Amino acid sequence: MSQSQTEAYNLLRTALALFKKSPAQLAEDEYHQVVVQASNELKLENRVLNSPEAATVVITEQEVQAAFLEIRNRYESEDDFFADLAQNQLDEDSLRAALHRQCKVDTVLDVVGSHTPKISEVEVGIYYHLHPEQFQKPEIREAAHIFVSINPDYPENTREIALQRIQELSVKLQKKPYKFADFAMRHSECPTSLQGGLLGKVPQGKLYPEIDAVLFTLKEGEISGVVESEIGFHLVLCKRIDKPETMSLAKATPKIRQMMNDRAKRTCQRAWLASLGKETVERH
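Residues numbered from 1 in each chain as written. Predicted model: local features only at pLDDT ≥ 70, side-chain atom pairs only at ≥ 80, totals over all residues. Heavy atoms only, no water.

Engineer: Sorry, what's going on with the packing of helix H3 (residues 61–72) against helix H5 (residues 92–113) here?
Structural biologist: Relative orientation and spacing of two packed helices are given, respectively, by the angle between their axes and the distance between those axes. Across the interface, H3 lies against H5 with an axial gap of 9 Å and an inter-helix angle of 115°. One finds that H3 runs roughly perpendicular with respect to H5. The element H3 and its partner H5 pack so that their crossing is right-handed. Residues Glu-61, Glu-63, Val-64, Gln-65, Ala-67, Phe-68 and Ile-71 of H3 form the contact with H5, whose participating residues are Glu-92, Leu-95, Arg-96, Leu-99, His-100, Cys-103 and Thr-107. (Axes fitted to C-alpha atoms, helices over the stretch in contact; angles between N-to-C directions. Helix = DSSP H or I, 4+ residues; strand = E, 2+ residues; numbered from the N terminus. Parallel < 35°, antiparallel > 145°, perpendicular 65-115°, else oblique. Left-handed = near helix turned anticlockwise from the far one by under 90°. Contact = heavy atoms within 4.5 Å.)

Engineer: Would you mind going over the packing of helix H1 (residues 3–19) against helix H2 (residues 28–49) with me for this structure?
Structural biologist: It is the contact of H1 with H2, at a shortest axis distance of 8 Å, that shows an interaxial angle of 120°. When the axis of H1 is compared with that of H2, the two are oblique. Along this stretch, H1 crosses H2, giving a crossing that reads as right-handed. When H1 is examined against H2, the residues Gln-3, Thr-6, Glu-7, Asn-10, Leu-11, Arg-13, Thr-14, Ala-15, Leu-18 and Phe-19 are found in contact with a partner set consisting of Glu-30, Tyr-31, Gln-33, Val-34, Val-35, Gln-37, Ala-38, Glu-41, Leu-42 and Glu-45. In the contact of H1 with H2, the residues fall into 9 nonpolar, 6 polar and 5 charged. (Nonpolar A, V, L, I, M, F, W, Y, C, P; charged D, E, K, R; others polar.)

Here it is, written out as structure tokens:
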């Protein structure tokens, strides 16, 4: 794989990572940003591949094939795939070579990161007690609504008539609350009418403030009176209440351990990468 093809692959990978676009689709300022970052990453990768740790790493053909197929399967046809490669100054062989290189860099970093000390139970416990907000699940309510809009341009949606319509629905639902979904499908002007007015499961603060304030005072299965928001009138149903919950230390431990391991691994990798730069300077 030539140096120019290596650079072309890094340019493409960086453009996709930063902007989800190929280099040819980038604006001038985006392209400049991608060129600078791709160049820096290439220099860093060269240091990794020239390190003593890299000498012991072997990448199998199966690993390269898996990486190759992961990219190939993003395309609808082989023609599209190879056309895109050509547009970015690559072909199948150069792509495989680039993927081999990338797999080796990733594996070397994984090996370096694996040398981090194990996270102890004490460290997990300290983190849990110092960050209680991360392990608290807020109260969640499953809600539905019937909506009648206010729009003076339409006779049936003037404020007075809209209010009358929603009040009539409210009276009927007091007698037959189990008909809420049917009423929503027939009378609600919200797209949610197709799902019986279902708004889904929401924490406090997600819906319009007027709806939110009422929803979180209702009992499970209770229907509100008429609620006016900035877009019209609503009848709100609280279908279900999931109470707030604090995750126990036992349940939180795997999540905390994984997070702390990942953080320690990244710290170890950054320190090792920084040492490569120092070694290069010392050798010169």
